[in-house]
Amino acid sequence: MSIHEEYDKIFKALASHVRRQILDTLKDQPLTTGTLCGNFMHLDRCTVMQHLKVLEDAGLIIAERRGRERWNHLNAMPIQDIHDRWIGPHAAAATAKLARFKRSAETRSEG
């Protein structure tokens, strides 16, 4: 799978507000699928499990079987990769432009 296909899976997974809520729920600790289903009472168990499958396919969660339970762990590395690839560089470029604009405006107001 190409890096572009991997990013597409990540962005697709993050496009759903329910999946983002699931990731937020897993931020502090891993949870069982049953516990997650209990946190999303407005969804049936099958729907929650479908969302978990999309997140797992995108590498955003890692599932671990312990006996009859499935523990879901957040894997923040793909999100960090997106930040490093796009958000960080774009934010730095935007900040640099704003700094240049500020200096230019200050120079004009002094002159």
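Refer to the structure printed above.
These remarks concern the structure in this document. No experiment lies behind these values; they were computed from the predicted model shown.

Procedures and definitions
Residues numbered from 1 in each chain as written. Predicted model: local features only at pLDDT ≥ 70, side-chain atom pairs only at ≥ 80, totals over all residues. Heavy atoms only, no water. Patch = residues over 30% accessible without salt bridge, like charges linked within 9 Å, V, L, I, M, F, W, Y side chains within 5 Å. Areas by Shrake-Rupley, 256 points an atom, 1.4 Å probe, with all protein chains shown as cover. Salt bridge = Lys/Arg side-chain N within 4 Å of Asp/Glu carboxyl O. Lys, Arg positive; Asp, Glu negative; His and termini not counted. Charge placed at Lys NZ, Arg CZ, Asp CG, Glu CD. Helix = DSSP H or I, 4+ residues; strand = E, 2+ residues; numbered from the N terminus. Buried < 20%, exposed > 50% of the residue type's maximum accessible area, 1.4 Å probe, protein only. Polar contact = N/O pair within 3.5 Å; in protein donor to acceptor, adjacent residues only side chain to side chain. Contact = heavy atoms within 4.5 Å. Pairing = 2+ DSSP bridges. Axes fitted to C-alpha atoms, helices over the stretch in contact; angles between N-to-C directions. Phe/Tyr/Trp six-rings, centres within 6.5 Å; stacked < 30°, edge-to-face > 60°. Lys NZ or Arg CZ within 6 Å of the ring centre and 35° of its normal.

**Notes on a negative patch on the surface**
- Together, Glu5, Glu6, Asp8, Asp81 and Asp84 give the surface a local cluster of negative charge.
- Secondary structure elements with two or more residues in the negative patch: helix 1 (3–14) and helix 5 (77–110).
- At three residues, the largest contribution of residues to the negative patch is made by helix 1.
- One can find aspartate 84 in helix 5.
- Here aspartate 84 falls in the partly exposed class, since its relative accessible area comes to 47%.

**Examining the side chain of asparagine 72**
- Its location among the elements puts asparagine 72 in strand 3 (residues 69–74).
- The exposure class of asparagine 72 is buried, given its relative accessible area of 0%.
- Separated by 3.0 Å, the side chains of asparagine 72 and arginine 70 make a polar contact.
- Contact partners of asparagine 72, with chain neighbours within four places excluded, come to Leu26, Pro30, Leu31, Thr32, Thr33, Leu36, Leu52, Ile61, Ile62 and Ala63.

**Digging into the sheet that holds strand 3**
- If you walk across this open sheet you meet the three strands as 1-3-2, and the pairing is antiparallel. Either end of the sheet is taken by a strand with one partner, and the two such strands are strand 1 (31–32) and strand 2 (61–66).
- With six bridges joining them, strand 2 and strand 3 adopt antiparallel strand pairing. Looking across to strand 3, one finds that arginine 65 is bridged to arginine 70.
- Sitting on the sheet, helix 2 (residues 17–26) is in contact with strand 1, strand 2 and strand 3, with an inclination near 90 degrees to strand 3.
- Contacts from helix 4 (residues 45–57) reach strand 2 and strand 3, with the element oriented near 115 degrees to strand 2.

**A word on the packing of aromatic side chains**
- Throughout the structure, instances matching the rule amount to two aromatic pairs.
- Here tyrosine 7 and tryptophan 86 contribute two aromatic rings whose centre-to-centre distance is 4.7 Å and whose plane-to-plane angle is 70 degrees, an arrangement assigned as edge-to-face. Of this pair, tyrosine 7 sits in helix 1 while tryptophan 86 sits in helix 5, and the two are 79 residues apart along the sequence.
- Taking the relative accessible area as the measure of exposure, tyrosine 7 reaches 14% and is therefore buried.
- A residue is classified by how much of its surface remains accessible, and tryptophan 86, at 24% relative accessible area, is partly exposed.
- The residue whose ring lies beneath arginine 66 is tryptophan 71, and the NZ or CZ to ring-centre distance is 4.6 Å.

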